[in-house]
Amino acid sequence: MAKLILTHEVTGLGAAGDVVEVKDGYARNYLLPRNFALTWSKGGEKQVESIKAARAAREHASLEDAQKQAAALSSKPVKLVVKAGETGRLFGTVKQGDVADAVEAAGLGSIDKRKVELPVHIKSVGSYQANVRLHEDVAAVIELDVVAGK
């Protein structure tokens, strides 16, 4: 087992600044090459505080702010204009960054693209749902209207 300090949030494992133990292969082949984690050391414990401070700065100031933004995100659908063929099939796929940009363009505030979870690969026009983790205790469901354009 490898002991690591997470530098980014990893779904199902922990948040930035958490010290976790994972299997050696998972650490060596996934977390470390993608810079999601650092190997743990006594000196690395000092980095944990700076990572947690940076995470706190990126998060919402309070639970109430996150709840307000969650209500705003859930209140109306977000229109996402993408390139598509005549049959409605997309040229590519919708990514988390595309959703974050569309939310900001709709005037619903800014969200971190790493907090967006798409349940399926969106490869055609239509209506979809995406989940956004705004705070440890607050998640919002965004209604996406994917339409052809550009």
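Residues numbered from 1 in each chain as written. Predicted model: local features only at pLDDT ≥ 70, side-chain atom pairs only at ≥ 80, totals over all residues. Heavy atoms only, no water.

**Q** Got a minute to help me understand the nonpolar core in this structure?
**A** Generally speaking, soluble globular proteins have nonpolar side chains that are buried together. Judged by nonpolar contacts, the single largest core of 27 residues is most densely connected at Ile111, Leu134, Ile142 and Leu144. Contributing elements (two or more residues each) for this core: helix H3 (63–75), strand S4 (78–82), helix H4 (96–105), strand S6 (126–135) and strand S7 (138–148). Here this core gets five residues from one element, more than from any other, and that element is S7. Ignoring sequence-local partners within four residues, the contact set of Ile142 consists of Leu73, Val78, Val99, Val103, Ile111, Tyr128, Gln129, Ala130 and Val132. Counting residues in each nonpolar core, the second largest holds nine residues, with Leu4, Val10, Val20 and Ala27 among its members. (Core = buried A, V, L, I, M, F, W, Y, C linked by side-chain atoms within 4.5 Å. Buried < 20%, exposed > 50% of the residue type's maximum accessible area, 1.4 Å probe, protein only. Helix = DSSP H or I, 4+ residues; strand = E, 2+ residues; numbered from the N terminus. Contact = heavy atoms within 4.5 Å.)

**Q** Whenever I open this one, unusual backbone geometry confuses me. Can you help?
**A** Glycine aside, negative phi is the norm for most residues, and most peptide bonds take the trans geometry. Residues other than glycine seldom take positive phi values, yet Asn35 does so here, at roughly 60°. Relative to the helices and strands, Asn35 resides in the loop between helix H1 (24–31) and strand S3 (37–39). For Asn35, a relative accessible area of 53% translates into the label exposed.

**Q** Explain the UniProt feature "domain: Ribosomal protein L9" (unreviewed entry) in the protein chain to me, please; I cannot follow it from the model alone.
**A** As recorded in UniProt, the feature "domain: Ribosomal protein L9" (unreviewed entry) lies at residues 14–41. With 29% helix and 25% strand, residues 14–41 has end C-alpha atoms that lie 18 Å from one another. (UniProt positions renumbered as here; feature names shortened; annotations may be inferred.)

**Q** Sorry, what's going on with the sheet that holds strand S2 (residues 19–22) here?
**A** Each strand in a sheet pairs with its neighbour through backbone hydrogen bonds, running either in the same direction (parallel) or in the opposite one (antiparallel). Strands sit in the order S2-S1-S3 across an open sheet of three strands; the sheet is antiparallel. The open sheet has two free edges, formed respectively by S2 and S3, since each of these has just one partner strand. This sheet shows a mean twist of 40° between the axes of neighbouring strands, independent of strand direction. Taken together, the three bridges between strand S1 (residues 2–6) and S3 define a ladder with antiparallel strand orientation. Its bridge partner being in S3, Ile5 is matched across the sheet by Leu38. (Pairing = 2+ DSSP bridges. Axes fitted to C-alpha atoms, helices over the stretch in contact; angles between N-to-C directions.)

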